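Structural features, examined
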2 protein chains.
Amino acid sequence: MPTTYEDLTVGDTETFGSYTVTREEIVEFAEQYDPQPFHVDPEAAADSPFGGLVASGWHTASMTMRLLVTGILQEADTRGALGVDEMRWLAPVRPGDTLTARTEIVEKEPWGEEYGKVDVRIETLVDGDVVCSMVGLVLFGRREGE
Amino acid sequence: MPTTYEDLTVGDTETFGSYTVTREEIVEFAEQYDPQPFHVDPEAAADSPFGGLVASGWHTASMTMRLLVTGILQEADTRGALGVDEMRWLAPVRPGDTLTARTEIVEKEPWGEEYGKVDVRIETLVDGDVVCSMVGLVLFGRREGE
């Protein structure tokens, strides 16, 4: 049975997934959505404060979403999300980096009759360091009659 | 000369850009980064609360970033962003929708000697309605000696 609102407890944590990003994917994403020089142009990136190509922060967030969908949401009765608070890009993601995700339930409250809102701290890690952190406001289904 | 921290005034607003999203792009993005049924599977999407395929919120944010880069950031002395606050997905984005962006400078403060942090309310619009809203924390370069 898929995970519903009732199955979640504040304080629950999970660490999961693995997504290795290539130079080609960093450039391809950025050419479409974030064509700043330090994301698409290796020479300009080398001269930037980053010292080399780095992934767009939106790309990092999107890869993190992929980890969440594959690792958790496929088994959960989720109904989308209201949004995200406090997203911070804390360290650059570079070609060859392998991302994992860590989640912690920080708050939950009913959201109408049918849904529950669950605030989830989502951290993206590379080699144990947090490179991106955010709080997702996720809607879960509630079991009938609870 | 590129836009620097000194050129920006709290209250400044701009509306710009145009990005039309196709069904193919919605599915392609979501298959890679957010493969939930209402983003990738037309039949499942028709039965979902959305009543049809909708773009991943991360896709909407990424398209908004593209509008920002093309419309503003290419002419600006920006040094990346610290993160995003209060991102809200307010209405679904569907195949064929054309997105525009609206920005408003809501706060600015020096950030060390070299940078200034500028908080920018960024709204994504479809047919005049706000479909996504966030506050970007953007670092701009400061002019020497100011």
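Located above this text is the structure these notes cover.
We now turn to the structure provided with this report. (Residues numbered from 1 in each chain as written. Chains lettered and ligands numbered in written order. Predicted model: local features only at pLDDT ≥ 70, side-chain atom pairs only at ≥ 80, totals over all residues. Heavy atoms only, no water.)

**A short note on the state of the cysteines**
Enumeration over the complete set of coordinates arrives at zero disulfides over all chains. The closest cysteine sulfur to the non-disulfide-bonded C132 of chain B is located on C132 of chain A, 15 Å from its own sulfur. You can call C132 of chain B buried: its relative accessible area is 0%. (Disulfide = S-S within 2.5 Å. Buried < 20%, exposed > 50% of the residue type's maximum accessible area, 1.4 Å probe, protein only.)

**Re helix α4 (residues 57-71) of chain B**
Residue and element names in this part refer to chain B. Spanning 15 residues, α4 covers 21 Å between terminal C-alpha atoms, matching the ideal 21 Å at 1.5 Å per step. Summarising burial for α4: twelve of the 15 residues are buried, a large majority. Between a side-chain oxygen at the N-terminus of α4 and the backbone nitrogen of W58 the separation is 3.1 Å; the capping residue is S56. (Helix = DSSP H or I, 4+ residues; strand = E, 2+ residues; numbered from the N terminus. Expected span 1.5 Å × (residues − 1). Polar contact = N/O pair within 3.5 Å; in protein donor to acceptor, adjacent residues only side chain to side chain.)

**Here we look at the relation of the copies chain B and chain A**
When chain B is fitted to chain A, the residual RMSD is 0.0 Å, and the transformation amounts to a turn of 180 degrees plus an axial shift of 0.0 Å. These values place the two chain copies in the arrangement generated by a two-fold rotation axis. Of every C-alpha in chain B, the one belonging to D85 of chain B sits nearest the axis of rotation, 2.5 Å from it. Most of the interface of chain B is mirrored in chain A, where 100% of its interface residues again form contacts. (Least-squares fit on C-alpha atoms with pLDDT ≥ 70 in both. Contact = heavy atoms within 4.5 Å.)

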